[in-house]
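Fold and contact review
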Amino acid sequence: MNSNSEFILQKINHQIFKNVDLLQDNIKRITDHIRIKLTENGETEIDRKTLTLIPAKDGKLFYFDGESYWRLTLKIADSVTCDIVNSRYAYFAGVAFGKFQSMLADIPGKPLGETIPNFHNMEYRLIQFRNAVKSNIANRLPTVLELVKEVELREHEMCKCERLFREGKLPKRINHCDTKVNNILFDKEGNVLCVIDLDTAMSGFVTSDFGDFMRTAANSGKEDDTDLTKVSFQMEIFEPYTCGYLESAKSFLTSLEIELLPFGAKLLTYMQFVRFLTDYLNGDTYYKIDYESHNLIRSEAQLKLLQSIEANYDKMKQFIETRI
């Protein structure tokens, strides 16, 4: 920092992140450990390669004004974000998120706290779904019975990660849990600086981060596309992202984790399908909607994407087999 430094003041969404102490402690542990790794690797300009938290006068990493919570971070100079996902940026994103996980694979101490409990817990999301079907509070169940069947057809398979974890076969890692390309900062030459927006970073399965990028970036259509013919899975995004991700993450991943990466694409798309449909059945109480059937449209679009992922599943597995 110097006298010309600029800062970013953010209001913390306390409705979503209810434990602000835990949230900020997670971010400090993550950024402190990344700084250690960057120093060990001989990196320069470390303040440009990770976030810098600015404490309040009382030493806390947030300020409460009596109504709202605020935090201050150092602005990373001459940095830009990107909203376009093409094969080039898919590769960079894979490198960035793989490196993020790799640097945090040996973070010491207790596991990070859950900033959103059960956020990517498929078993929990299915409990919510079954409760929504049972209660049918908005009287919408008769109109979505075919979608309910699609959920039920896959529910055993989609809880695979939780079962493997209980069997001691699948570890939990620190995940970002919002792996979108616009959560990466680039310099003006297009080089990756760092991963940002760490609010949802917590322990989970690597399938979550890999799958969520596939769900959002490899979809040829929109999340709420009304024209399902536009919705399909793009292998031309999957392939470069996978190359970049394995390039930076392969060193710490187990063979089972690598094998499950294509499953992550199915899992996170299915999970979002379940969540949208659950909210529709509950009368649209969670997601912001623009019209009455918005969550239904989202559900149908996610199902179409899931079916396209399933159609490409063997190709995805074969591609990964050539990289290990």
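Residues numbered from 1 in each chain as written. Predicted model: local features only at pLDDT ≥ 70, side-chain atom pairs only at ≥ 80, totals over all residues. Heavy atoms only, no water.

Another point: the pattern of salt bridges. According to the stated counting rule, one finds 20 salt bridges in the structure shown. Lys188 is paired through a salt bridge with Asp78; the nearest N and O atoms lie 3.6 Å apart. Here the residue Lys188 occupies a position in the loop between strand E7 (184–187) and strand E8 (192–195), and Asp78 occupies one in the loop between strand E4 (69–74) and strand E5 (79–80), the gap between them amounting to 110 residues. Given the relative accessible area of 60%, Lys188 is considered exposed. A salt bridge links Lys180 to Asp178, with the shortest nitrogen-to-oxygen separation between them at 2.5 Å. The class of Lys180 is partly exposed, set by a relative accessible area of 31%. By sharing partners, the salt bridges in this structure join Glu43, Lys49 and Lys99 into a single network. (Salt bridge = Lys/Arg side-chain N within 4 Å of Asp/Glu carboxyl O. Helix = DSSP H or I, 4+ residues; strand = E, 2+ residues; numbered from the N terminus. Buried < 20%, exposed > 50% of the residue type's maximum accessible area, 1.4 Å probe, protein only.)

Before going further, it helps to examine unusual backbone geometry. Both trends apply: most residues other than glycine have a negative phi, and most peptide bonds are in trans. Backbone geometry places Asp78, a non-glycine residue, at a positive phi of 55 degrees. With phi around 55 degrees, Asn139 is a residue other than glycine that occupies positive phi space. By the element assignment, Asn139 lies in the loop between helix H3 (122–135) and helix H4 (145–158). Its relative accessible area of 63% is what places Asn139 among the exposed residues.

In this section: the nonpolar core. Residues Phe213, Met214, Phe233, Phe238, Tyr241 and Tyr245 are the most contacted members of the largest nonpolar core, which totals 67 residues. For this core, the leading source of residues is helix H2 (residues 87–103), giving eight residues. If you look at the next biggest cluster of nonpolar residues, it comprises 31 residues, including Val144, Leu260, Tyr270 and Leu306. (Core = buried A, V, L, I, M, F, W, Y, C linked by side-chain atoms within 4.5 Å.)

With that settled, consider the packing of H4 against helix H10 (residues 294–321). Running from N to C, H4 and H10 cross one another at 50 degrees; their axes reach a closest spacing of 12 Å. Classified by the angle their axes make, H4 and H10 are oblique. For the crossing formed where H4 meets H10, the hand is left-handed. Together, Leu147, Glu150, Arg154 and Met158 of H4 and Leu296, Ser299, Glu300, Leu303, Leu306, Gln307 and Glu310 of H10 make up the contact between the two elements. Of the residues in the contact of H4 with H10, the class split is five nonpolar, two polar and four charged. (Axes fitted to C-alpha atoms, helices over the stretch in contact; angles between N-to-C directions. Parallel < 35°, antiparallel > 145°, perpendicular 65-115°, else oblique. Left-handed = near helix turned anticlockwise from the far one by under 90°. Contact = heavy atoms within 4.5 Å. Nonpolar A, V, L, I, M, F, W, Y, C, P; charged D, E, K, R; others polar.)

With that settled, the discussion passes to the state of the cysteines. For the coordinates displayed, the defined rule picks out zero disulfides. A disulfide-free cysteine, Cys177 has its sulfur positioned 13 Å from the sulfur of Cys161, the nearest such atom. Assessed through its relative accessible area of 6%, Cys177 is described here as buried. (Disulfide = S-S within 2.5 Å.)

Attention now moves to the sheet that holds E5. Within a sheet, adjacent strands bond to each other through the backbone by hydrogen bonds, running parallel or antiparallel. Read from one edge of the open sheet, three strands run E5-E7-E8, paired in antiparallel fashion. Every other strand in the sheet has two partners, leaving E5 and E8 as the edge strands with one partner each. One ladder, built from two bridges, connects E5 with E7; its direction is antiparallel. From the neighbouring strand, Val80 faces E7, where its bridge partner is Phe186. (Pairing = 2+ DSSP bridges.)

Quick look at the pairing of E4 now. Note: strand E1 (residues 7–12) against E4, six bridges, orientation antiparallel. Opposite Lys11, over in E4, you have Trp70 as the bridge partner. In terms of strand pairing, strand E3 (residues 63–64) meets E4 through two bridges, oriented antiparallel. Across the sheet, the residue bridging to Tyr63 is Trp70, located in E4. Counting the residues that bridge the hairpin from E3 to E4 gives four residues, and of these Gly66 lies at a positive phi of roughly 105 degrees.

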